[in-house]
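Structural overview for review
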Amino acid sequence: MAEKKSSNSGYNYLILIPVILLIGLGLVVVYSASSHLAEHRMGDSYYYLKRQAFFCILGVGLMILARYIPCTLYSRLVYPLLLVSFCLLVMLLIPGLGHKVGGASRWLRWKGFSFQPSELAKFALAVYMAYSMAKKGINMKTFSRGLLPHILVAGAFMLFIFLQPDLGTALIIGSWVLLILFVGGVRFLQLFSVIALSAPVVLWLVWHVDYRLKRWFTFLNPWEDPNGIGFQIIHSFLAFGSGGVFGVGLGNSKQKLFYLPEPHTDFVLPIAGEELGFLGVTAIIVLFGILIISGIKVALKARDLYSSYLALGLTSMIGLQVVVNMGVVMGLLPTKGLPLPLISSGGSSLVINLLSIGILLNISSRT
Amino acid sequence: MKVKDKKWIRFRIYVVAAFFLLGFATILARAYQLQVLESDHLKAIARAGYIGKTKLPPKRGTIYDREGHELALSVEVGSIYAHPKRIKEKARTARVLSRVLGERREKILRLLKSERSFCWIKRRISPDVAKEVIVLDLAGVGVITETRRYYPGREIAGHLIGFAGIDNQGLEGLEKKYDRHLRGPQYNLIHMRDALGRPFAISRPIPSGHGMRDLILTIDKDIQYKAQQALKSAVKKTKAKGGHCLVVDPMTGEILAMATVPEFNPNIFSEYRPDQWRNRTITDCFEPGSTIKAFLLAARLEESVVSPGTKFDCEQGRFRIGSNVVHDTHKHDVLSVSDIVVRSSNIGAIKIGQRLGYKRFTDYLKKLGFGSKTGIDLLGERKGFIRPVQDARAIDQATIFFGQGMTTTSLQLAMAMAAIANGGKLMRPYVVKSIVDRSTGKVEERHPKVVRRVFSQKTAKETAGILEGVTGQEGTAPRAAIRGFRVAGKTGTSQKVDPKTKRYSRTKYVAAFVGFVPLEQPRLVILVVIDEPKGIAYGGVVAAPVFKQVGSWALNHLRVNPNKGPSSVAHALPPISDKSVALLRGKGVVRSTEAERDPKRRAASHEVDRIAQELREGSLPDFRGLGMREVLKRGRALGLKVHLEGTGLAVKQEPGAGTPLQEVAAVRISFRPPG
């Protein structure tokens, strides 16, 4: 095939339009889902809407900026970026610095703004993996150069995220690393050995901690204890079911009235499902599908291996979170705290995801 | 190096793309399952979670007496409620409410601080106070219009009607027995609430079920009132514990009055002890005493073992049964059967009874309804007690003939007497004449029901004739006699069993009189029972005067004519005047001859002819076969008082057709449903 060295001054609309639609929808649904909660907790029903709007503007700004920054910039900054994000993760464990919510220390707070280092860590890892794998090239097939360094770096990040404790995010990162290593050319046998070796560890971690085990059993049979551990997932089902095909209409959800916990963050999709129905949920899934497939197409068309890996890494990181979040709220996967990218309320996730989209747009423009 | 050139990388990226597509497809399928396939099921569960139902107490139908007087009705009042979770300024709200409602502030504050989403602050307040609360417009406080049961007659028939509770549910008496019928449509408020229990939407009241139904009783409010008054003053005069009075129509079994003293006012039922709510005419059993001799006599005549004239030796007032001795109040030597009943000799009764035998007598008593429920449409009726023959000792087998050693309710006794009055049939008593659906106007009529024939007409007539002697100068109850009427009846004075000693008390008696009037065409059976009168306890002295008062008043009220005959006053009736004819014409009964050309109206013209014929002859027309409305119209047109009985078409009239109008003041017509 002939190489085309072209630079496109426009945007890849198959990425931009779904993203704009999704964050717009996100604003509406977050407001609808959170207004009663915000009124009750903060005395201001617009509280979460304002925050979400602020981070949308910030994120879209970063996205446009990233669209025009050459992605080679990140490869030069890869090690400082990796170091900073790792340090932030370590800081969470220092008492007094990490902001604890519900027994887990996942946020750093500064002047009323809170920041989630694990979101930055995902981004930093994506840049690192792309840079490193592109550099190793043909050597990816060897154990010592292809597998070991990546496993060690990713493992260190996962360990500290796990210590927060946030096993879910650690596992998402783990799965993502396996996926990207697979694309990078690591032999199947090596990948399977890693899975085989880590599986008992994960099982032990789940078995060992009471609440994780409970979540597992809840996942298997949520209706066993509808008022206890199964409460959240059951109300998620009820929200989806109440929506039916056409939904009860925007603003009319009943489950958001303190029945379904976390209606504006991790469990925002059930509220969207209740208010907008199966058609609304289908629209959201299709928009994400277009976004992910377009991202993968960008990876296929990228002009060098680094860009390709970066595009694929960022796309699959978003894609994995989408699939896992939707799987969780629909009871296909065990419950774990994970926001729905671009839609759920939560600044760090939204800003980092929009930044990633900006990088994707940049790569897309330089095929 | 570009990805495009490396086939294996492309392949692996396709695998990743396929992985994501598969993931999205799975999620889409799951969404379809949850939102389309299981939607109805999940929706129902969700709805059950956030929807609450508040039942508003249903309104109740009205209870009328047979003349249409209201005995129980529902009036509208206001009730104040609160949604505690919606009230922010609880202290201020409580203060304001306490000032308006006159309730203690702390009590209201406690209600407002409760965790419930709905609570009543004060119920059944006057509409004025409710209006004041509405004007205050307090957040989370509201007013609902409710109804309250009101008994305008206060004590009148209080025991019979019973009462309904604060949620308009029937708790006692007819209110309870007919609760299902009286209960109006139930109104439900549907409200939706969030998970914190705060309601966010409340529906309009939604009615469910049937329409409003009213009861029309057989009770005549005026007779009931008279019975209660007469009974009350007798109980007071004799310093008795209490008393019963029943007035029954012997022909139909309709209860015209059912009184119990001490009285009971259902408006303030909570101020009485529960045992004071009891309708003792059906719930309390006592030994009937000599009143039972009336039925002994009838049984004897029915079996035709003796004629009324047969004489018995009354042993000078002392008669030994095994180790016991039976006494008579007055010493008698030899008495005829009639005299034994009229003068109420116990020894004579035993002698008559012994010819009949215990078994045969108690079989008659059972046929008369003793020992089993009468089946009246009321709750709490008792059966009374007749000792089975195998359990009866020699003394029991003797005392039964003067009504000791068995028990009865007042109602059983009255119905048994009614069987003698009406020619031998035991009727089933009833108090609800009809049930009217207010919305559809549909009327459910209750009809008289014959339980069984106990005596032949002849036996009943003969017994009644002898019982008339009881109210004569020679009898035990001359005080029951009513001027101008022939009264039959029987007294009873029974010893009560002392609950402590389990033996017959020498001081505690039940005095009774049960009889009917007029003898020839009995209209009323009246029973009077006085429980534990002080001083003279004879039924003829204590109970008979109440019978007379109630009886004479009721006969007058029902416009029953005194006996015709030399002693009775002849009623001068105005001759048929032109006025009557004019009246008929005015009502369209008399039609012009033009109508005769119309074949449809030919029947009508025949009718006119018939009426004209009758008018000319000045005799009572034949009402038989006519409807009730027509009978009333014609009867009144003739200037007659018309008494109607039953429903359907006229089957019987008294006096008969052809009786000169000058001799008739009132006509009594019986109706029966056709077919």
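To start, this report covers the structure provided alongside it. (Residues numbered from 1 in each chain as written. Chains lettered and ligands numbered in written order. Predicted model: local features only at pLDDT ≥ 70, side-chain atom pairs only at ≥ 80, totals over all residues. Heavy atoms only, no water.)

1. Observations concerning the overall build of chain B
Along chain B, the regular secondary structure elements total 22 helices and 27 strands. Considering chain B as a whole, with its 675 residues, one finds that 51% of them fall into the buried category. For chain B, contacts bridging at least 24 residues in sequence account for 70% of all contacts bridging at least 6. Just so you have it, chain B exposes about 32,000 Å², and 51% of that area is on carbon and sulfur atoms. (Helix = DSSP H or I, 4+ residues; strand = E, 2+ residues; numbered from the N terminus. Buried < 20%, exposed > 50% of the residue type's maximum accessible area, 1.4 Å probe, protein only. Contact = heavy atoms within 4.5 Å. Areas by Shrake-Rupley, 256 points an atom, 1.4 Å probe, with all protein chains shown as cover.)

2. Side note on the packing of helix 4 (residues 78-92) of chain A against helix 5 (residues 117-136) of chain A
Residue and element names in this part refer to chain A. Across the interface, helix 4 lies against helix 5 with an axial gap of 9 Å and an inter-helix angle of 150 degrees. Of the two elements, helix 4 crosses helix 5, and the hand of that crossing is left-handed. Residues Val-78, Tyr-79, Leu-81, Leu-82, Ser-85, Leu-88, Leu-89 and Leu-92 of helix 4 form the contact with helix 5, whose own contacting residues are Pro-117, Ser-118, Leu-120, Ala-121, Phe-123, Ala-124, Leu-125, Val-127, Tyr-128, Tyr-131 and Lys-135. (Axes fitted to C-alpha atoms, helices over the stretch in contact; angles between N-to-C directions. Left-handed = near helix turned anticlockwise from the far one by under 90°.)

3. Digging into the interface of chain A and chain B
Facing the 55 residues of chain A at the interface are 40 residues of chain B. Around 4,400 Å² of area is buried between chain A and chain B when both sides are counted, 77% of it from carbon and sulfur atoms. The largest contributions to the chain A side of the interface with chain B come from A:Tyr259, A:Phe278 and A:Leu300, which together make up 15% of the buried area. The interface formed by chain A and chain B contains zero salt bridges. Summed over the shared surface of chain A and chain B, the number is six residue pairs in polar contact (both at pLDDT 80 or more). Here the side of chain A that touches chain B is built from residues that sort into 34 nonpolar, 17 polar and four charged. (Buried area = accessible area lost by both parts, 1.4 Å probe. Salt bridge = Lys/Arg side-chain N within 4 Å of Asp/Glu carboxyl O. Polar contact = N/O pair within 3.5 Å; in protein donor to acceptor, adjacent residues only side chain to side chain. Nonpolar A, V, L, I, M, F, W, Y, C, P; charged D, E, K, R; others polar.)

4. Some remarks on the environment of B:Thr283
Residue and element names in this part refer to chain B. With respect to the helices, strands and loops of the structure, Thr-283 is situated in helix 10 (residues 280-283). Residue classification places Thr-283 among the buried residues on the basis of a relative accessible area of 10%. Looking at Thr-283, its side chain comes within polar contact range of the side chain of Arg-278, at 3.3 Å.

5. Some words on the pairing of strand 19 (residues 432-437) of chain B
Residue and element names in this part refer to chain B. Where burial is concerned, most of strand 19 is hidden: five out of the six residues are buried. Bridge count for strand 11 (residues 213-217) against strand 19 is five bridges, and the pairing is antiparallel. If you follow Asp-214 over to strand 19, its bridge partner there is Val-436. Judged from the three bridges that link them, strand 19 and strand 20 (residues 443-445) form a sheet pairing that is antiparallel. (Pairing = 2+ DSSP bridges.)

6. Topic: a nonpolar patch on the surface
Residues and elements named next belong to chain A. On the surface, a cluster of nonpolar side chains totalling about 490 Å² of accessible area is made up of Trp-207, Trp-216, Phe-217 and Leu-220. When residues in the nonpolar patch are grouped by element, the largest group, three residues, is from helix 9 (residues 210-220). Note that Leu-220 resides in helix 9. (Patch = residues over 30% accessible without salt bridge, like charges linked within 9 Å, V, L, I, M, F, W, Y side chains within 5 Å.)

7. Focus on the sheet that holds strand 12 (residues 242-248) of chain B
Residues and elements named next belong to chain B. With antiparallel pairing, five strands are arranged side by side in an open sheet as 13-12-24-23-22. Lying at the two open borders of the sheet, with one neighbouring strand each, are strand 13 (255-261) and strand 22 (488-497). The average undirected angle you get between the axes of adjacent strands in this sheet is 10 degrees. Strands strand 22 and strand 23 (504-517) of the sheet are contacted by helix 17 (residues 457-468), whose axis makes an angle of about 75 degrees with strand 22. Packed onto the sheet, helix 19 (residues 544-557) meets strand 12, strand 23 and strand 24 (524-531) and runs at close to 150 degrees relative to strand 24.

8. Quick look at the nonpolar core
A:Leu181, A:Phe288, A:Leu310, A:Met326, A:Met330, A:Leu342 and A:Ile359 are the most contacted members of the largest nonpolar core, which has 127 residues in total. Among residues more than four places away in sequence, those in contact with A:Met330 are A:Phe237, A:Phe240, A:Leu269, A:Val281, B:Ile27, B:Arg30, B:Ala31 and B:Leu34. Of all hydrophobic cores here, the second largest spans 121 residues; its members include B:Cys245, B:Ala416, B:Ala511 and B:Val517. (Core = buried A, V, L, I, M, F, W, Y, C linked by side-chain atoms within 4.5 Å.)

9. Examining the sheet that holds strand 26 (residues 649-654) of chain B
Residue and element names in this part refer to chain B. Here three strands make up an open sheet; going across it, the order is 25-27-26 and the pairing mixed. Each edge of the sheet is formed by a strand with only one pairing partner; in this case those strands are strand 25 (641-645) and strand 26. Going from strand to strand, the sheet's axes swing by 30 degrees on average, the running direction of each strand aside. Note that strand 25 and strand 27 (residues 666-672) share five bridges and pair parallel. Directly across from Glu-645, in strand 27, lies its bridge partner Ser-670. Packing against the sheet, helix 22 (residues 628-637) makes contact with strand 25, strand 26 and strand 27, and its axis sits at approximately 160 degrees to strand 25.

10. A look at the pattern of salt bridges
Residue and element names in this part refer to chain B. Scanning the model with the defined rule gives 35 salt bridges over all chains in all. A salt bridge links Glu-103 to Lys-122; its shortest N-O distance comes to 3.4 Å. Here Lys-122 lies in strand 4 (residues 119-125) and Glu-103 lies in the loop between helix 3 (90-101) and helix 4 (105-112), a separation of 19 residues in the sequence. In this structure Lys-122 comes out as partly exposed when scored by relative accessible area, which is 25%. Among the ionic pairs, Glu-175 bridges to Arg-149, the shortest N-O distance being 2.7 Å. Placement of the pair is Glu-175 in helix 7 (residues 173-177) and Arg-149 in strand 5 (residues 141-150), with a sequence separation of 26 residues. Judged by its relative accessible area of 5%, Arg-149 falls in the buried class. One connected set of salt bridges, linked through shared partners, spans Arg-60, Arg-149, Glu-175, Asp-179 and Arg-183.

11. Structural notes on unusual backbone geometry
Cis geometry marks the peptide bond from A:Gln164 to A:Pro165, where omega comes out at 0 degrees. Take A:Pro165: it is sitting in the loop between helix 6 (143-163) and helix 7 (167-184). For the bond running from B:Glu654 to B:Pro655, omega is -5 degrees, close enough to zero to count as cis. Position of B:Pro655 relative to the elements: it lies in the loop between strand 26 and strand 27. You will see that A:Leu342, though not glycine, has its phi angle at about 70 degrees, which is positive. Here A:Leu342 shows up in the loop between helix 12 (305-329) and helix 13 (347-365). If you check the backbone angles, B:Arg154 has positive phi at about 50 degrees while not being a glycine. Of note, B:Arg154 is situated in the loop between strand 5 and helix 6 (158-161).

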